[in-house]
Amino acid sequence: PILGSRRVPFTRVLSRWQGIWSLGDVQSDNESLARSGRISLHAEVGGVIPREDIRLPATLLFLAGGGRSVRGYGLNSIGVNSGSDQVSPGRYLVTASMEWQRPLRIKDLPSDWETAYFIDTGAVSNSPTDLQLQTGIGAGLRWKTPIGPLEMSLAYGLDVRRLRLHHNLGFNF
């Protein structure tokens, strides 16, 4: 891309991974019931590698925090501290999440509801050695609607010592 008045090559990499493991099924009345639920793991790693003297637009850098990242923190509130309590995007990103998702049974019958208990962590910096993880923990309730899952989570940011409510409708891509 053109940055300023000259062409400057750089590399930007973003990798995401998600794995889901069932915690076992129980057979009852010839119906398979996932009573124990499942564990969902998610990880994201990114980096922008230009020459050191190059300034990149903020839109090519990384921020973390929010309902799709590190719950318990505001949207894009995890970044490089640029002084006066301002957060700027950084060149390196790492986030990870572990979630126990458990179906709710109503009168011992499967329902469209499930609970989720989670821990999220992530960091953004301009150097891989400066990454300092910020962590959030919490619980949520999910409802499988005809237009996609409705998610409501209450999370506590351990570093900011604050509760936040996160909500989402639809699928993650």
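The following refers to the structure shown. (Residues numbered from 1 in each chain as written. Predicted model: local features only at pLDDT ≥ 70, side-chain atom pairs only at ≥ 80, totals over all residues. Heavy atoms only, no water.)

Take the environment of Asp112 next. With respect to the secondary-structure elements, Asp112 resides in strand S10 (residues 109-125). Apart from the residues within four sequence positions on either side, Asp112 is in contact with Arg142, Trp143 and Lys144. (Helix = DSSP H or I, 4+ residues; strand = E, 2+ residues; numbered from the N terminus. Contact = heavy atoms within 4.5 Å.)

This part takes up the packing of aromatic side chains. Under the definition given, this model contains 3 aromatic pairs. Residues Trp100 and Tyr117 carry aromatic rings whose centres are separated by 5.6 Å and whose planes lie at 35° to one another, so their mutual orientation is tilted. Of this pair, Trp100 sits in strand S9 (residues 92-106) while Tyr117 sits in strand S10; the two residues are 17 residues apart in sequence, bridging distant segments of the chain. On the basis of relative accessibility, which here comes to 35%, the residue Trp100 falls in the partly exposed class. Exposure remark for Tyr117: the relative accessible area of 41% places this residue in the partly exposed category. Centre to centre, the rings of Trp113 and Trp143 are 5.5 Å apart; their planes meet at 10°, and the pair counts as stacked. Linking Trp113 in strand S10 with Trp143 in strand S11 (residues 134-145), this pair joins segments that are 30 residues apart in sequence. (Phe/Tyr/Trp six-rings, centres within 6.5 Å; stacked < 30°, edge-to-face > 60°. Buried < 20%, exposed > 50% of the residue type's maximum accessible area, 1.4 Å probe, protein only.)

Now for the side chain of Thr135. Tracing the backbone through its elements, the reader meets Thr135 in strand S11. Not counting chain neighbours up to four residues away, the residues in contact with Thr135 comprise Tyr73, Ile119, Asp120, Thr121, Tyr156, Gly157, Leu158 and Asp159.

Here we come to the pairing of strand S13 (residues 162-169). Note: strand S12 (residues 148-157) against S13, 8 bridges, orientation antiparallel. Paired with Glu151 across the strands is Asn168, a residue of S13. Taking the residues that link successive antiparallel strands as the turn, the S12-S13 hairpin has 4 residues, and the phi of Arg161 there is positive, at about 50°. (Pairing = 2+ DSSP bridges.)

The next subject is the sheet that holds S12. In space, the 7 strands of this open sheet follow the order S3-S6-S9-S10-S11-S12-S13, with antiparallel pairing throughout. Each edge of the open sheet is held by one strand with a lone partner, namely strand S3 (11-22) and S13. Ignoring strand direction, the axes of neighbouring strands in this sheet form an average angle of 15°. Looking at chain direction, S10 and S11 are connected through 10 bridges and run antiparallel. Across the sheet, residue Thr115 finds its bridge partner in S11, namely Leu141. (Axes fitted to C-alpha atoms, helices over the stretch in contact; angles between N-to-C directions.)

Attention shifts here to the nonpolar core. The biggest cluster of nonpolar side chains holds 13 residues, and the ones touching the most others in it are Val48, Leu56, Ala64, Ile78, Leu93 and Val124. In contact with Ile78, other than residues within four places in its own chain, are Leu63, Ala64, Gly65, Val70, Tyr73, Val87, Gly122, Ala123, Val124 and Gln134. (Core = buried A, V, L, I, M, F, W, Y, C linked by side-chain atoms within 4.5 Å.)

A few words on unusual backbone geometry. The residue Asn76 is not glycine, and still its phi comes out positive at about 55°. With respect to the element layout, Asn76 can be found in the loop between strand S6 (38-49) and strand S7 (80-81). Assessed through its relative accessible area of 39%, Asn76 is described here as partly exposed. Positioned with a positive phi, Asp108 is a non-glycine residue whose angle comes to about 60°. Mapped onto the elements of the fold, Asp108 is located in the loop between S9 and S10.

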